[in-house]
Amino acid sequence: MDSPIVSVHGLRKRYGDLEALAGLDLAVAPGTVYGLLGPNGAGKSTVVRILSTLTRATAGQATVAGHDVAARPDAVREAIGLAGQHAAVDEKLTGRENLRIFGRLARLGRRGARRRADDLLERFELTEAADRLVSTYSGGMRRRVDLIASLLRAPAVLFLDEPTTGLDPRSRLDIWAIVRELVAEGTTVLLTTQYLDEADHLASAVAVIDHGRVIAEGSPAELKARIGSHVDVEVGGEADLAGAVAVLERLTGGRPAVEDLRIVTGVPGRAPSVPQLVRELDAAGVVVQDVGVRRPSLDDVFLTLTGRTAGTGGAGGGTTGTPQDGPEAQKARRRERSTEGATA
Amino acid sequence: MIVLADGLTLVQRKLLHLRHQPGTLVAMLVMPAVMVVLFGFVFGSAIKVPGGGNYREYLMPGLFVMTGMFALSSAMVDVAADQGRGVTDRLRSMPTARAAVPVGQTGADTVTGLIGLLILLASGLAFGWRAHHGLGHALGAVGVLLLFRCTMSWVGTYLGLIMPSEQTADALAPLTLPLSMLSNAFVPTDGMPGWLRVVCEGNPISAAVAACRSLFGNPGATAAGGSWPLAHPLAATLLWSALLLAVFVPLSVRRFTRAGL
């Protein structure tokens with residue numbers, strides 16, 4: 001890896017009795033998207049706040065674009081952009097006015113700010129709405145203006161703190177497209193998200209954070225390989241369960257978990273193919289309703305690493321309505337219960 | 001220099017609000033208009049101005065100062081809103097001068113205050129209020145009023161920065177009305193119970209009101225047997241402003257720089 005553009009060593013942050021960061025290490029390669037993944041309260045936002053000079057670490061060291069965040073905050077501010085969980089723009093101004101004002105405050109000069117605002121509005125297809133008050137914008141448009149406002153200085157490192165939380169799927173895709181474009185131009189993006197598919201789609205490296213610590217790091221593919229896949233079998237009746245479990249144990253080397261007529265087996269290595277499963281189960285005289293081999297999502301990674309689904313809050317966090325907290329998460333929780341049941 | 005340039009940019013931001021919502025100016029003048037009707041005509045007929053004189057002439061300087069006092073609540077709400085919506089964090093993550101944000105807020109409040117004051121002075125003239133001591137003194141009074149408003153805006157900026165949320169700021173904002181009434185703005189203090197009189201005459205608002213009355217030549221400028229601030233209203237107003245600014249300017253700048261640390 002090239003020498004990291006963001007590097008963090010032993011970062012700690014304490015708010016009173018709460019230890020938000022408990023010795024966190026990170027290294028982000030330039031020109032990549034790095035995903036910080038974790039539940040509410042895991043410490044993701046605290047990392048971003050420290051790296052963007054909004055707050056100071058209690059202990060540890062962090063450099064961004066070659067500057068120590070504690071010693072040279074001014075130099076760091078010249079090299080970064082920050083778009084947070086809010087649409088942090090002035091609702092009582094038009095999109096264009098917002099960008100011009102922020103551009104001047106970002107030291108682009110009056111004319112420079114004007115030109116840059118117009119360019120970015122055009123590039124990100126906001127020209128039509130540019131002269132309307134932001135208060136009339138949709139949630140997705142507000143977030144886009146907010147993102148553009150963080151790009152006024154063409155930052156070397158862009159911090160995106162949960163950039164798509166609360167957005168509709170269409171607007172999420174818009175934001176993702178912008179992020180990919182920026183990275184193609186050489187910007188480094190540090191992204192926090194509780195949406196596992198977001199990290200999966202955008203990030204080339206991911207750190208899973210829990211209780212202020214990195215508990216796993218790697219590419220999404222590496223993390224998934226650690227978990228293996230799942231074989232899902234649904235049998236025709238109670239009588240078929242024992243035979244099916246025996247076949248699955250033999251084929252996968254895993255430990256099948258039974259719930260009603262469903263059998264879920266985690267496979268550490270290579271999973272058998274669906275035709276092979278059907279053939280073997282049929283040969284054992286088992287009536288099969290459904291067979292599937294599911295490759296793990298980052299959801300499974302998170303569940304396996306922390307024992308919780310990502311939508312469930314950690315310390316200090318409540319449950320938020322994430323897209324994962326739909327059928328997928330419920331299935332995951334069911335699976336968790338069934339596995340416990342089987343091992344007890 | 002950078003502080004000044006960034007401050008001016010932020011003043012411009014607030015003035016753009018006025019351009020998009022000129023109604024804000026009207027809203028700023030609703031309360032004084034209500035007060036003119038309530039006090040000037042309803043209660044005023046029963047209030048006796050010390051030393052004699054027209055009650056509406058007595059009332060107008062009180063209203064001028066009261067609108068200045070409202071800068072405290074509006075700055076508090078504006079600053080808390082920016083903070084709650086992430087705008088403050090955005091500014092703090094940019095190479096913008098640290099002191100520029102509070103400077104911009106209070107500068108904008110002073111400029112909008114001047115616009116509002118001019119409208120209020122014109123309405124006062126329409127109600128029969130007059131400045132009796134000539135243009136020089138009248139301009140002096142306008143200066144006192146702007147200084148008072150600017151001071152209140154700095155206090156409000158600090159309060160906005162320490163507010164836990166925009167909602168808290170919204171809930172506390174109406175308290176400025178009773179605070180401005182605990183003074184000589186509407187009724188003379190000499191008829192109040194002793195302890196209340198001390199409180200009211202010690203209120204910086206009272207000094208500012210009395211200073212305006214004396215500069216405009218309006219009745220009731222000095223209360224008989226009044227305390228030191230009311231006997232020397234101009235000096236008291238300047239001292240109050242100097243004291244409050246000396247406390248709240250550094251506090252606000254420091255708080256803005258270090259918020260969330």
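Residues numbered from 1 in each chain as written. Chains lettered and ligands numbered in written order. Predicted model: local features only at pLDDT ≥ 70, side-chain atom pairs only at ≥ 80, totals over all residues. Heavy atoms only, no water.

The name an unreviewed UniProt entry assigns to chain B is Transport permease protein, from the organism Streptomyces galbus. Its UniProt record, at the heading Sequence similarities (unreviewed entry), says of chain B: "Belongs to the ABC-2 integral membrane protein family." (UniProt positions renumbered as here; feature names shortened; annotations may be inferred.)

Engineer: I'd like a rundown of the overall build of chain B, residues and numbers included.
Structural biologist: Regarding its fold elements, chain B presents 12 helices and 0 strands. Against the 2.2 N^0.38 benchmark of 18 Å for 261 residues, chain B shows a C-alpha radius of gyration of 19 Å, consistent with a compact globule. Principal axes of the C-alpha set define a box for chain B whose edges measure 60 × 35 × 35 Å. Looking at chain B as a whole, 54% of its 261 residues qualify as buried. Residue pairs in contact within chain B that sit at least 24 positions apart in sequence constitute 82% of those at least 6 positions apart. On chain B, roughly 10700 Å² of surface is accessible, and the fraction owed to carbon and sulfur atoms is 73%. (Helix = DSSP H or I, 4+ residues; strand = E, 2+ residues; numbered from the N terminus. Rg over C-alpha atoms; globule rule 2.2 N^0.38 Å. Buried < 20%, exposed > 50% of the residue type's maximum accessible area, 1.4 Å probe, protein only. Contact = heavy atoms within 4.5 Å. Areas by Shrake-Rupley, 256 points an atom, 1.4 Å probe, with all protein chains shown as cover.)

Engineer: Residues and numbers for the interface of chain A and chain B, please.
Structural biologist: Contact with chain A, which involves 34 residues of that partner, is made by 28 residues of chain B. Surface buried jointly by chain A and chain B totals about 2700 Å² across both partners, of which 55% is contributed by carbon and sulfur atoms. Three residues stand out in chain A for area buried against chain B, namely Arg 77, Leu 105 and Arg 107 of chain A, and they jointly supply 24% of the buried area on that side. Notably, a salt bridge pairs Glu 91 of chain A with Arg 85 of chain B, separated by 3.8 Å at the nearest N-O pair. At the surface where chain A touches chain B, the tally comes to 14 residue pairs in polar contact (both at pLDDT 80 or more). For the side of chain A that touches chain B, a count of residues per class yields 15 nonpolar, 6 polar and 13 charged. (Buried area = accessible area lost by both parts, 1.4 Å probe. Salt bridge = Lys/Arg side-chain N within 4 Å of Asp/Glu carboxyl O. Polar contact = N/O pair within 3.5 Å; in protein donor to acceptor, adjacent residues only side chain to side chain. Nonpolar A, V, L, I, M, F, W, Y, C, P; charged D, E, K, R; others polar.)

Engineer: Would you mind going over a negative patch on the surface in detail, with residue names and values included?
Structural biologist: Judged by side-chain charge, Glu 234, Glu 238, Asp 260 and Asp 290 of chain A come together as a negatively charged surface patch. Residue placement: Asp 290 of chain A occurs in strand β14 (residues 288–294). (Patch = residues over 30% accessible without salt bridge, like charges linked within 9 Å, V, L, I, M, F, W, Y side chains within 5 Å. Lys, Arg positive; Asp, Glu negative; His and termini not counted. Charge placed at Lys NZ, Arg CZ, Asp CG, Glu CD.)

Engineer: An account of the environment of Gly 84 of chain B is needed here, citing residue identities and associated values.
Structural biologist: Relative to the elements of secondary structure, Gly 84 of chain B occurs in helix α3 (residues 55–84). Between the alpha carbons of Gly 84 of chain B and Ser 165 of chain B there is a distance of 6.1 Å; along the sequence they are 81 residues apart.

Engineer: Just give me the short version of the UniProt feature "transmembrane region" (unreviewed entry) in chain B, but keep the residues and values in it.
Structural biologist: All names here are of chain B. The feature "transmembrane region" (unreviewed entry), as given by UniProt, occupies residues 25–46, 58–77, 111–129, 141–163 and 234–253 in the numbering adopted here. Segment residues 58–77 splits into 100% helix and 0% strand. End C-alpha atoms: 31 Å apart. Between the C-alpha atoms that bound residues 111–129 there is a distance of 24 Å. The span itself is 84% helix and 0% strand.

Engineer: Outline the confidence of the model for chain A, listing residues and values.
Structural biologist: The predicted model of chain A averages 85 in pLDDT, with 88% of residues at 70 or higher. Contacts from residues 312–344 of chain A, a stretch scored under 50 in pLDDT, to residues over four places away or in other chains number 56 contacts. (pLDDT = per-residue confidence, 0-100.)

Engineer: So what's going on with the nonpolar core? Which residues, and what values?
Structural biologist: The tendency in soluble globular proteins is for nonpolar side chains to be buried side by side. Counting residues in hydrophobic clusters, the biggest one holds 60 residues, and the most contacted among them are Val 33, Leu 99, Phe 102, Leu 160, Val 179 and Val 189 of chain A together with Leu 91 of chain B. Element by element, the count of residues in this core is highest for helix α6 (residues 169–184) of chain A, at 6 residues. Leaving out residues up to four positions away in the same chain, Val 179 of chain A has contacts with Val 33, Leu 160, Val 189 and Leu 202 of chain A. Grouped together as the second largest cluster of nonpolar side chains are 45 residues, Leu 29, Phe 64, Ala 138 and Ala 211 of chain B included. (Core = buried A, V, L, I, M, F, W, Y, C linked by side-chain atoms within 4.5 Å.)

Engineer: How would you sum up the sheet that holds strand β10 (residues 213–218) of chain A? Please name residues and give values.
Structural biologist: Residue and element names in this part refer to chain A. Strand order in the open sheet made by the 6 strands is β6-β7-β8-β3-β9-β10, with mixed pairing throughout. Unpaired on one side and paired on the other, β6 (80–83) and β10 mark the two borders of the sheet. Averaged over all adjacent pairs, the angle separating strand axes in this sheet is 15°, with direction ignored. Strands β3 (33–37), β9 (205–210) and β10 of the sheet are contacted by helix α11 (residues 298–306), whose axis makes an angle of about 40° with β9. (Pairing = 2+ DSSP bridges. Axes fitted to C-alpha atoms, helices over the stretch in contact; angles between N-to-C directions.)

Engineer: Describe the pairing of β6 of chain A, with residues and values.
Structural biologist: A regular strand carries its side chains on alternate faces of the sheet. All names here are of chain A. Of the two faces of β6, the one lined by Ile 80 and Leu 82 and the one lined by Gly 81 and Ala 83 are each fully buried. Both β6 and strand β7 (residues 157–161) contribute to a ladder of 4 bridges, which runs parallel. What sits directly across from Leu 82, in β7, is Phe 159.

Engineer: Break down helix α5 (residues 100–126) of chain B for me, citing the residues and quoting the values.
Structural biologist: Compared with an ideal rise of 1.5 Å per residue, which puts 27 residues at 39 Å, α5 of chain B spans 39 Å between its outermost C-alpha atoms and is within 8% of the ideal. Immediately beyond the C-terminal end of α5 of chain B, within one or two residues, lies Gly 128 of chain B, with a positive phi of roughly 100°. (Expected span 1.5 Å × (residues − 1).)

Engineer: Any chance you could break down the packing of helix α6 (residues 134–162) of chain B against helix α12 (residues 233–258) of chain B for me, citing the residues and the numbers?
Structural biologist: In a packed pair of helices, the relevant descriptors are the angle between the two axes and the axis-to-axis distance. Residue and element names in this part refer to chain B. The interhelical angle for the contact between α6 and α12, taken along N-to-C directions, is 30°, at an axis separation of 9 Å. Between α6 and α12, the angle falls in the class roughly parallel. The chirality of how α6 crosses α12 is left-handed. Here the residues of the contact of α6 with α12 sort into 17 nonpolar, 5 polar and 1 charged. (Parallel < 35°, antiparallel > 145°, perpendicular 65-115°, else oblique. Left-handed = near helix turned anticlockwise from the far one by under 90°.)

Engineer: Lay out the environment of Leu 121 of chain A with the relevant residues and their values.
Structural biologist: All names here are of chain A. Counting through the fold element by element, Leu 121 comes out in helix α4 (residues 110–123). When the C-alpha atoms of Leu 121 and Leu 105 are compared, they prove to be 18 Å apart, with 16 residues separating the residues in sequence. In contact with Leu 121, not counting residues within four places along its chain, are Arg 96, Leu 99, Leu 126, Thr 127 and Ala 130.

Engineer: Can you tell me about unusual backbone geometry, naming the residues and giving the values?
Structural biologist: Residue and element names in this part refer to chain A. A positive phi angle, close to 70°, is found at Thr 53, a residue other than glycine. With respect to the secondary-structure elements, Thr 53 resides in the loop between α1 (44–51) and β4 (59–64). You will see that His 211, though not glycine, has its phi angle at about 50°, which is positive. Here His 211 shows up in the loop between β9 and β10.

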